[in-house]
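Understanding the architecture of this molecule
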Amino acid sequence: MEARGAARLRAERRRALLAAAPALGVLTLLFGGALAGAARTSLVPLGGEPTLDAWRALYGDPAFADSVRFTLQVTLLSTLLSCALAMLVALVMRRRSVVVRALLSLPVPVPHLLVAVAAVLWLAPGGLADRALGGLPLTLVRDDLGLGVVLVYVYKETPFLVLLLLAAMGEALAAREEAAAVHGASQWQRLRWVVWPAVRTPLVVGGIVVAAFVLGAFEVPLTIGPSYPPTLSEFALQATQGDLLAGEGVAAATLLLTAVASTLLAILAVRLAKDAAGG
Amino acid sequence: MSPLALEIDAITVSPGGAPVLRGLSLHVAAGTRTALVGPSGAGKTTLLRAVAGLAPLDDGDVRLGERSLRNVPPHRRGVAVVFQEPRLLAHLSVEENVALPLRAAGVGGSERRSRARERLDEVGLGGFSARRSQGLSGGEQQRVALARALCADPDLLLLDEPLAALDPNRREDLRRLIVRLQRERGLTTLVVTHDRAEAAELGERVALVLEGRIVQHGPPKELFERPVSAAVARFFGVANLLRGEVRDGLLEVRGTAVAVPGPDGDATLAIRPEHARVDDDAALRAVVRESVYAGTHVKLVVDCHDLRLELHVPPAGAPAAGREIGVDLPRERLWRLPEDDEIAVSAAAAAPSRGAGRPSA
Amino acid sequence: MVETRVQRVLGGLLATAFALPLLVLVVRAFADRWRAPALLPQDWGMRGIELAFSGQAAEAFWTSLLVAVVTTAVALVLGWPAARVLGERRLKRPAIAFLLLAMPLLVPPYATGAGLTEWFLRLGLVDTVSGIVLAHLVGVLPYVVVVLLSAFGPEVTALEEMGRASGLAPLQRWRWVTLPAVAPTLAAAAFLGFLVSWSQYGSSLAVGGGRPMLPVVMLPFVRSDPQVAAALALLFLAPAIAALALTARAARSPL
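With that settled, consider the overall build of chain B. Broken down by element type, chain B carries 10 helices and 20 strands. Taken along its principal axes, the extent of the C-alpha atoms in chain B is 75 × 45 × 35 Å. Every one of the 361 residues in chain B was classed for burial, and the buried ones make up 53%. By sequence separation, contacts in chain B at least 24 residues apart represent 67% of the contacts at least 6 residues apart. Accessible surface, chain B as shown: approximately 15400 Å² in total, 47% of it carbon and sulfur. Of the charged side chains in chain B, 48 are positive and 49 negative, and the gap between their average positions amounts to 6 Å.

Shown next as structure tokens:
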């Protein structure tokens, strides 16, 4: 009799797996296929023998090194700035304002490309800001540091992070803060001992997500970034526009690297989120 | 349509893999109201769900009238359920919620509406038709759920702790309503509750579930005053159990002979706290440890050496803690438990639940 | 809710920060001549709009729309059972599933597109709508599942049980109980899925071949003709706003 109950449970688990199979199966096929395809293209040029030429070319290419440096720079800057800004906004808001929260969800449906286009119109030399202020102190469009790119990503990702943080700063947190205040904790102490532990993980996970995303920056730097150095995805695009045969391989190798880097970050983020949620 | 009897025949149900009900049998006579009572985790709600078809049977059968429900899906059983929460659909009006079973059966719009309105009148919510379910109080929502169940014109009505979420005044109203509607229709009904007093008020018969089995089933008076085992006794608030060997119709209780009914031999006797009396002339002496005013009575916990007894006495003249009193255990109120020790021992840990406790599994 | 002054200032700043950039798009789109250092255009006109629509833009708009709608529909059909199973916590090891959902979300679409091209070339899927849909699906399906799964759980299961006990057959239950209960979240999932596909650049570029997609067509104009770029940007923005309005309404009104 006990076996029957256990057997039924097993059947239920199997049914659940079957239900999730179409989505997960399609994803595995497409995503795995993409990674495999990129690997293949990087190793086997059109109608040729498997070779490490593309990878070797990358390794020796100073432009690639510049691209890596530039991409990491933009990623780091965007992630740190948006995290800091999001933390500030979240602390100021403390989940109390419905209006501000609604405003924060407005940028969500706006595509990154659109923000980049608007940014160019505003911030380019001769753009609106330039005319309104009689000259900008910084070059933000197509500048060597990629500040325009950073700005666009900070603009788009900060609201996302704020919403993430606010979700972690719920009623329970307010109650704990009150309890701490009643016991004589100062504002700063409350921040350090009550608030920070609660938002630490969502902030880190959110930051990792943003970093993984900016790593693959493509259309934004194409619109508002410098022509040199390119981000890794731009570098790949340029490779395909050069030497047709070798270019595909180099592009694929580059993109595979970015994909793997982003995947590792994604795994890290999921692990951290799972641990925080108690496994 | 004549009422049907419910026959639960040795069912085994294991919702989470491990069996919760083991070979449980219960018969509910056609047109009667039975209350199913027991501690948390005993399996009451599982039993209800198994009868409704919401939990699969590993073994055994459930029959309604002549018909076996074993492989019949819930929506074709002719069984209506009132759950612990009202489970109303937020996007429909009260009337549309009530009419749901009719809509399922394909009944046309205007007839649906009129029948739903009739049911709402019956439960005292006439005029609530167009309201949204969110604006209603808990008690009102439960009554809508009741109206919905009646709208299904079922052969069997199942209620899972219908009064649990309500405050005491509302509980009384809803209880009366349920009893009245059931009687008017002669609807075979099974009600689950964790509250023994509620079980007595709701059920023509009461069945106690302990560890997945029906331990006793009978009129409420029987379970309260003639429990078949120590576990049943404890659940129904019989805290006083005396064990020993009866000789010449007398049982020795801590050095005092007490007259008891029944033949000589080993025995366990029980007496309800309300039936034990304070009598300064009595031979059995005890010291009052606790004297707690409980509104309708005073609860006394007294120690007769190492034997602890509980008495419920009228508040007037109740002795205070520390006093030595005499305890009278009237022979005619003593109940001798049957010899079935197995159930008594295994269910010994089952704690009786009280009044407004939390609803159980 | 009582807002402090700082919060009100913040609200004002945010509103400006979010509204102002859009304003410049509208102005630029209709500015035939806007020489520096003038703050307002010298000439207003429809030149931008006309030029925008004379080229591939119209075709790109419809192709992007078609792809977004098809991708979202496919994602919803595939994703619904998975979302259900995950939301009701019926999977023994959900972490694997979540990992599988998270990875495609963060990998650059241009990379997945380029990787898929290797196989699409052999399958003849390059430069086809189906190919683009498949490439977009990698990003849209995870979003749809993650959003939709929050709709399922003990409340919906409880209502469905009530439906069964009330005599509803499975199809009736789905139409009258499940669907209305998850409608708001379903709308949100569809909206997000649509947007993800609509905004796709990298994968459209990699797999699309010659087939025009709106964001791809728009980008070159930023450097060459900002007025046309602004006009196309407004076009690019339009469905997002329409979808937002529609889903907000659908989520609020009961079915």
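Structure's up, so let's keep going.
All right, on to a nonpolar patch on the surface then. Where nonpolar side chains cluster on the molecular surface, the patch consists of V204, L268 and L272 of chain A and spans about 210 Å² of accessible area. Among the structural elements, L268 of chain A can be located in helix α12 (residues 244–276).

It is worth spelling out the environment of D264 of chain B at this point. All names here are of chain B. Counting through the fold element by element, D264 comes out in the loop between β13 (256–259) and β14 (265–271). What makes D264 partly exposed here is its relative accessible area of 46%. Separated by 15 residues in the primary sequence, D264 and D279 have C-alpha atoms spaced 27 Å apart. Polar contacts involving the side chain of D264 include one to the main-chain amide nitrogen of G249, which spans 3.2 Å.

What follows is about the side chain of T112 of chain C. In this structure, T112 of chain C sits in helix α5 (residues 109–123). What T112 of chain C contacts, discounting residues up to four positions off in sequence, is F31 and A34 of chain A together with V107 and V138 of chain C.

Residue and element names in this part refer to chain B. Here five strands make up an open sheet; going across it, the order is β15-β19-β16-β17-β18 and the pairing antiparallel. This sheet does not close on itself; its edge strands, each paired only once, are β15 (277–278) and β18 (307–313). Note: strand β16 (residues 284–293) against strand β19 (residues 324–328), four bridges, orientation antiparallel. Bridged to L284 within β19 is V327.

Ranked by internal contacts, the top residues of the largest apolar core, which has 145 residues, are I224 of chain A together with L25, L214 and L232 of chain C. It is helix α3 (residues 57–87) of chain C that provides the largest number of residues to this core, a total of 11 residues. Apart from the residues lying within four places of it in its own chain, the contact partners of L214 of chain C are A57, A60, F61, S64, W198, L232, L235 and F236 of chain C. If you look at the next biggest cluster of nonpolar residues, it comprises 40 residues, including L6, L54, L92 and L158 of chain B.

Before going further, it helps to spend a moment on the sheet that holds strand β10 (residues 213–218) of chain B. Residues and elements named next belong to chain B. What the six strands build is an open sheet, ordered β6-β7-β8-β3-β9-β10; its pairing is mixed. Sheet topology places β6 (79–82) and β10 at the edges, where each strand pairs with a single neighbour. Direction aside, neighbouring strands of the sheet carry axes that sit 20 degrees apart on average. Where strand β3 (residues 33–37) and strand β9 (residues 205–210) come together, four bridges link them in parallel fashion. Looking across to β9, one finds that A35 is bridged to V206.

In this section: the interface of chain A and chain B. Each partner contributes residues to the interface: chain A has seven residues there, and chain B has eight residues. Interface area for chain A against chain B, summed over the two sides, is near 720 Å², with a carbon-plus-sulfur share of 50%. Between the two partners, chain A and chain B, sit one salt bridge. In this structure, the salt-bridge partner of R8 of chain A is D58 of chain B, at a minimum N-O distance of 3.1 Å. For the pair chain A and chain B, the number of links is two residue pairs in polar contact (both at pLDDT 80 or more). Looking at side-chain class alone, the side of chain A that touches chain B contains three nonpolar, one polar and three charged residues.

On to the interface of chain C and chain A. Listed per partner, the contact involves 73 residues of chain C and 70 residues of chain A. The junction of chain C with chain A conceals about 6400 Å² of combined surface from both sides, 80% of it contributed by carbon and sulfur atoms. In terms of surface lost to chain A, no three residues of chain C exceed F18, L106 and Y110 of chain C, which account for 11% of the buried area on that side. For the interface between chain C and chain A, the tally reads one salt bridge. A salt bridge links E118 of chain C to R40 of chain A; its shortest N-O distance comes to 2.9 Å. Our enumeration of links across chain C and chain A arrives at five residue pairs in polar contact (both at pLDDT 80 or more). Per element, the largest residue contribution to the side of chain C that touches chain A is 13 residues, and it comes from helix α1 (residues 5–29) of chain C. Residues of the side of chain C that touches chain A, tallied by class, amount to 57 nonpolar, eight polar and eight charged.

Looking at where L159 of chain C falls in the secondary structure, it is placed in helix α7 (residues 154–165). Put simply, L159 of chain C and K92 of chain C are 67 residues apart on the chain and 24 Å apart in space, counted from C-alpha to C-alpha. Apart from residues no more than four positions distant in its own chain, L159 of chain C is found in contact with R87, L88 and L89 of chain B together with V177 and A181 of chain C.

The step from Y228 of chain A to P229 of chain A runs through a cis peptide bond, and the omega angle for that step is 0 degrees. Assignment of secondary structure puts P229 of chain A in the loop between α10 (219–224) and α11 (232–241). The phi dihedral of R89 of chain C is positive, around 55 degrees, even though this residue is not glycine. Within the secondary structure layout, R89 of chain C lies in the loop between α3 and α4 (94–106). The class for R89 of chain C is exposed, based on a relative accessible area of 75%. Here D127 of chain C, not a glycine, exhibits a phi torsion of approximately 65 degrees, which is positive. Of note, D127 of chain C is situated in the loop between α5 and α6 (129–149).

Rules of the game
Residues numbered from 1 in each chain as written. Chains lettered and ligands numbered in written order. Predicted model: local features only at pLDDT ≥ 70, side-chain atom pairs only at ≥ 80, totals over all residues. Heavy atoms only, no water. Helix = DSSP H or I, 4+ residues; strand = E, 2+ residues; numbered from the N terminus. Buried < 20%, exposed > 50% of the residue type's maximum accessible area, 1.4 Å probe, protein only. Contact = heavy atoms within 4.5 Å. Areas by Shrake-Rupley, 256 points an atom, 1.4 Å probe, with all protein chains shown as cover. Lys, Arg positive; Asp, Glu negative; His and termini not counted. Charge placed at Lys NZ, Arg CZ, Asp CG, Glu CD. Patch = residues over 30% accessible without salt bridge, like charges linked within 9 Å, V, L, I, M, F, W, Y side chains within 5 Å. Salt bridge = Lys/Arg side-chain N within 4 Å of Asp/Glu carboxyl O. Polar contact = N/O pair within 3.5 Å; in protein donor to acceptor, adjacent residues only side chain to side chain. Pairing = 2+ DSSP bridges. Core = buried A, V, L, I, M, F, W, Y, C linked by side-chain atoms within 4.5 Å. Axes fitted to C-alpha atoms, helices over the stretch in contact; angles between N-to-C directions. Buried area = accessible area lost by both parts, 1.4 Å probe. Nonpolar A, V, L, I, M, F, W, Y, C, P; charged D, E, K, R; others polar.

None of the figures reported here should be taken as evidence of function without further support.
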